[in-house]
Amino acid sequence: MMQETQHGRNGQGKPLRRRRNRSGARLALRIAALAALLTAIAFLAGFGLFADHIGHLAAPRDVEDADGIIVLTGGQSRIDAAIGLLKAGKGKRLLISGVNPIARADDLRAATGGDKALFECCVDIDHAALDTIGNAEESAKWVHANTYGSIILVTNNYHMPRSLLEIRRILPKARVQPYPVVNTPLDNGAWLAKPDALRVLATEYAKYIGALVREVVPLRRRVAHGETQQPKAAAAGAS
């Protein structure tokens, strides 16, 4: 009699445990689906705000004088804008960061139509930086080497938020004045009707999120505080 009772209890217990397991699995799936949905909504909302912010960026009309000017390569108009600022006396020297290693100072001068004397006296070239983090690191070396306290940062509008984040992370005490270069107007939601602009903005937004994550989970990279060689002066590159 005891065996039959025990058998009956075990027989009823197994289906009950299965139902509980299935119920727990369904709940976990629902929670995961809800979390994924909320994450997607937050990502899309953040992207909308990011794109709208980019669309309203423009080169300032009144640029305050700074110790130095830094331009991150990636577009001809960026360097042209930086050379214009240097000619206008907005900075003492200009660093062109992220230049292709095979490009010489004379090549850059010819491409931008820059004055040879200006390049030889006041333009430095960084060939080491391979990405935006590298730009920030090499720029920090240059800033420390010249004991500058203020800089004008020149790059495209879509690239400016991430560039500012990386520069200010490694140069927290420097006064950084952004000078965004606009090649394609993106204000008033114009980016929605431009697939290429939408793709660039989405890619840049994802990279910007990654840069924000590094604020919480910093990744080990070489520290740029002047320990390694400094960017080469344009005159040296031309020789």
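Presented here is a report on the structure given in the accompanying data block. (Residues numbered from 1 in each chain as written. Predicted model: local features only at pLDDT ≥ 70, side-chain atom pairs only at ≥ 80, totals over all residues. Heavy atoms only, no water.)

### Some thoughts on the pairing of strand E3 (residues 123-126)
Along E3, one buried face is formed by Val123 and Ile125 and the opposite face, lined by Asp124 and Asp126, is buried too. By the bridge criterion, four bridges tie strand E2 (residues 93-97) to E3 in an arrangement that is parallel. Within E3, the position partnered with Leu94 by the bridge is Val123. (Buried < 20%, exposed > 50% of the residue type's maximum accessible area, 1.4 Å probe, protein only. Helix = DSSP H or I, 4+ residues; strand = E, 2+ residues; numbered from the N terminus. Pairing = 2+ DSSP bridges.)

### A closer look at the environment of Leu186
Position of Leu186 among the secondary structure elements: in the loop between strand E5 (175-181) and helix H7 (195-216). Using a relative accessible area of 8% as the deciding quantity, one classes Leu186 as buried. Residues Leu186 and Leu198 lie twelve residues apart in sequence; the distance between their C-alpha atoms is 9.8 Å. When sequence neighbours within four positions are dropped, the list of residues in contact with Leu186 reads Ile54, Gly55, Asn157, Trp191, Lys194, Ala197 and Leu201. (Contact = heavy atoms within 4.5 Å.)

### Quick notes on the nonpolar core
In terms of nonpolar packing, the biggest core is built from 27 residues, with Ile70, Val143, Leu153, Ile167, Leu171 and Leu201 touching the most fellow members. At the level of elements, helix H1 (2-55), strand E1 (68-72), helix H5 (132-145), strand E4 (150-156), helix H6 (160-170) and H7 are the ones that each hand at least two residues to this core. Setting aside chain neighbours within four positions, we find Leu153 in contact with Ile70, Leu72, Met160, Ser163, Leu164, Ile167, Val176, Gln177, Pro178 and Tyr179. Leu85, Val99, Leu108 and Cys122 belong to the second-largest nonpolar core, a separate cluster that totals 25 residues. (Core = buried A, V, L, I, M, F, W, Y, C linked by side-chain atoms within 4.5 Å.)

### A short note on the environment of Tyr179
Along the chain, the position of Tyr179 falls in strand E5. For Tyr179, a relative accessible area of 15% corresponds to the buried category. In sequence terms Tyr179 and Asn157 are 22 residues apart; their C-alpha atoms lie 8.3 Å from each other. The contacts of Tyr179, once residues within four sequence positions are left out, are Ala59, Pro60, Val63, Ala81, Leu85, Ile152, Leu153, Val154, Thr155 and Met160.

### Quick word on the state of the cysteines
Within the structure shown, the criterion is met by one disulfide. Cys121 shares a disulfide with Cys122; S-S distance 2.2 Å. Taking the sign of the S-S torsion, about -85° here, the bridge from Cys121 to Cys122 comes out left-handed. Taking the relative accessible area as the measure of exposure, Cys121 reaches 40% and is therefore partly exposed. A relative accessible area of 15% means that Cys122 is categorised as buried. (Disulfide = S-S within 2.5 Å.)

### A closer look at H5
Between its terminal C-alpha atoms H5 stretches 20 Å, which fits the 20 Å expected from 14 residues at 1.5 Å a residue. Among the 14 residues in H5, twelve count as buried, and that is most of the element. Burial in H5 covers these residues: Thr132, Ile133, Gly134, Asn135, Ala136, Glu137, Glu138, Ser139, Ala140, Lys141, Trp142 and Val143. Capping of H5 at its N-terminal end is provided by Asp131; its side-chain oxygen lies 3.3 Å from the backbone amide nitrogen of Ile133. Two residues or fewer after H5 comes Thr147, characterised by a positive phi angle close to 50°. (Expected span 1.5 Å × (residues − 1). Polar contact = N/O pair within 3.5 Å; in protein donor to acceptor, adjacent residues only side chain to side chain.)

### A few points about the side chain of Lys141
For Lys141, the position within the fold is in helix H5. Classification of Lys141 as buried rests on a relative accessible area of 3%. Looking at Lys141, its side chain comes within polar contact range of the side chain of Glu138, at 2.9 Å.

### Thoughts on the pattern of salt bridges
Taken as a whole and judged by the stated rule, the model has eight salt bridges. Here Glu64 ties to Arg175 by a salt bridge, and the two come within 3.3 Å at their closest N and O atoms. Separated by 111 residues along the polypeptide, Glu64 in the loop between H1 and E1 and Arg175 in strand E5 bring together distant segments of the chain. Look at Arg175 and you get partly exposed, because its relative accessible area is 37%. A salt bridge links Arg214 to Glu166, with the shortest nitrogen-to-oxygen separation between them at 2.1 Å. Here the residue Arg214 occupies a position in helix H7, and Glu166 occupies one in helix H6, the gap between them amounting to 48 residues. Taken individually, Arg214 and Glu166 each receive the classification buried, so the pair is uniform in this respect. (Salt bridge = Lys/Arg side-chain N within 4 Å of Asp/Glu carboxyl O.)

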